[in-house]
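# Understanding the architecture of this molecule
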Amino acid sequence: MKRSSWLEPALLLLIMALATYLRLWRVAETPGWFSDEGTHLEIARHLLDGRIQYLSVTQSTLLFARLPLFEWLLAGAARLFGLGMGTLRDVTAVLGTLSVALLYAMLRDISKDRWLARAAALLLAVLPAAVIYSRFGFSYNLLVPLLLVALWGLYRYANGSQVGLVWAASAIGLALITDLWAISLLPVLILVVVWRRWQDLWWGVLIALL
């Protein structure tokens, strides 16, 4: 009992340390810079000056398929740590590391299997595609933790928790102002609610849209 009481947090701490190292080590220089990252930095620069603008287009960035939540997050980080490629990639690297922790917590709750949760977290921590994507300053990195929260919430709702629907709808709503891809999550929310209890549909969708 004593051994198991410290083994699980110790293993999780090691996994998180590995995920953090792989995502943050020399992240500003490696890999090479991508043009979309410059787009995010330029939008954040204007936000810091109190403007919604990209290039010569003002009042909106929707013409460039850039929704506001990631840009607001980046602008907030830039206000604290300065605007640059290091800040942008630090944000997405931290989001990638947070996703590892969320995956562990979700699977630990759903499966009740500690080793399955640890194995999944370790795989996500070292998966080359996940690591390299977290090291790019792309808004998709914010979708990953939001998607995990949405899936976790839908699972809990399907098992009788109304709070789970609040989690899922809120996460999907935030995803909808992060990236256009998140539109595909709305039909999933609707199908699960209709299957579980159709009377909850109106307020679940309302939370997402708000």
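Now for a look at the structure at hand. (Residues numbered from 1 in each chain as written. Predicted model: local features only at pLDDT ≥ 70, side-chain atom pairs only at ≥ 80, totals over all residues. Heavy atoms only, no water.)

Tallying each qualifying case throughout the model produces eight salt bridges. Asp36 serves as the salt-bridge partner of Arg66, at 3.4 Å between the closest nitrogen and oxygen. Residue Arg66 is located in the loop between strand 2 (57-58) and helix 3 (68-81), and its partner Asp36 is located in helix 2 (residues 35-48); the two are separated by 30 residues in the primary sequence. A relative accessible area of 14% places Arg66 in the buried class. Residue Asp36 is classed as partly exposed on the basis of its relative accessible area, which comes to 30%. Between Lys112 and Asp109 there is a salt bridge, and its shortest N-O distance comes to 3.5 Å. Residues joined in a network through salt bridges with shared partners are Asp109, Lys112 and Arg156. (Salt bridge = Lys/Arg side-chain N within 4 Å of Asp/Glu carboxyl O. Helix = DSSP H or I, 4+ residues; strand = E, 2+ residues; numbered from the N terminus. Buried < 20%, exposed > 50% of the residue type's maximum accessible area, 1.4 Å probe, protein only.)

This part covers the environment of Trp167. The topology assignment puts Trp167 in helix 8 (residues 162-176). For Trp167, a relative accessible area of 33% translates into the label partly exposed. Dropping the residues within four chain positions of it, Trp167 is found in contact with Val149, Trp152, Gly153 and Arg156. (Contact = heavy atoms within 4.5 Å.)

Phe70, Leu88, Leu142, Leu165, Ile172, Ala175 and Leu189 are the most contacted members of the largest nonpolar core, which totals 31 residues. Among the elements of the structure, helix 2, helix 3, helix 4 (85-111), helix 7 (140-158), helix 8, helix 9 (185-197) and helix 10 (201-209) are those that each provide at least two residues to this core. Grouped together as the second largest cluster of nonpolar side chains are 15 residues, Met16, Ala19, Ala120 and Ala121 included. (Core = buried A, V, L, I, M, F, W, Y, C linked by side-chain atoms within 4.5 Å.)

In this structure, Pro31 follows Thr30 across a cis peptide bond, with omega equal to 0 degrees. With respect to the helices and strands, the residue Pro31 is situated in the loop between helix 1 (2-24) and helix 2. Located in the positive-phi region is Arg26, a residue other than glycine, with phi close to 50 degrees. When you line up the elements, Arg26 lands in the loop between helix 1 and helix 2. In this structure, Lys112 is a non-glycine residue whose phi angle is positive, near 60 degrees. Within the element layout of this structure, Lys112 appears in the loop between helix 4 and helix 5 (114-126). The class for Lys112 is exposed, based on a relative accessible area of 58%.

We now examine helix 10. Burial in helix 10 covers these residues: Trp203, Gly204, Val205 and Ala208. Packed against the buried residues of helix 10 are helix 8 and helix 9.

Further remarks concern helix 2. Taking 1.5 Å of rise per residue, the 14 residues of helix 2 would be expected to cover 20 Å, and the 20 Å separating its terminal C-alpha atoms lies within 8% of that figure. Regarding helix 2, the residues found buried are Glu37, Thr39, His40, Leu41, Ile43, Ala44 and His46. Turning to helix 2, the residues buried within the fold contact strand 1 (53-54), helix 3 and helix 4. (Expected span 1.5 Å × (residues − 1).)

Moving on to a nonpolar patch on the surface. Taken together, the side chains of Leu18, Leu122 and Val126 present a nonpolar region at the surface, about 200 Å² in accessible area. Structurally, Leu122 is set in helix 5. Owing to a relative accessible area of 39%, Leu122 belongs among the partly exposed residues under this scheme. (Patch = residues over 30% accessible without salt bridge, like charges linked within 9 Å, V, L, I, M, F, W, Y side chains within 5 Å. Areas by Shrake-Rupley, 256 points an atom, 1.4 Å probe, with all protein chains shown as cover.)

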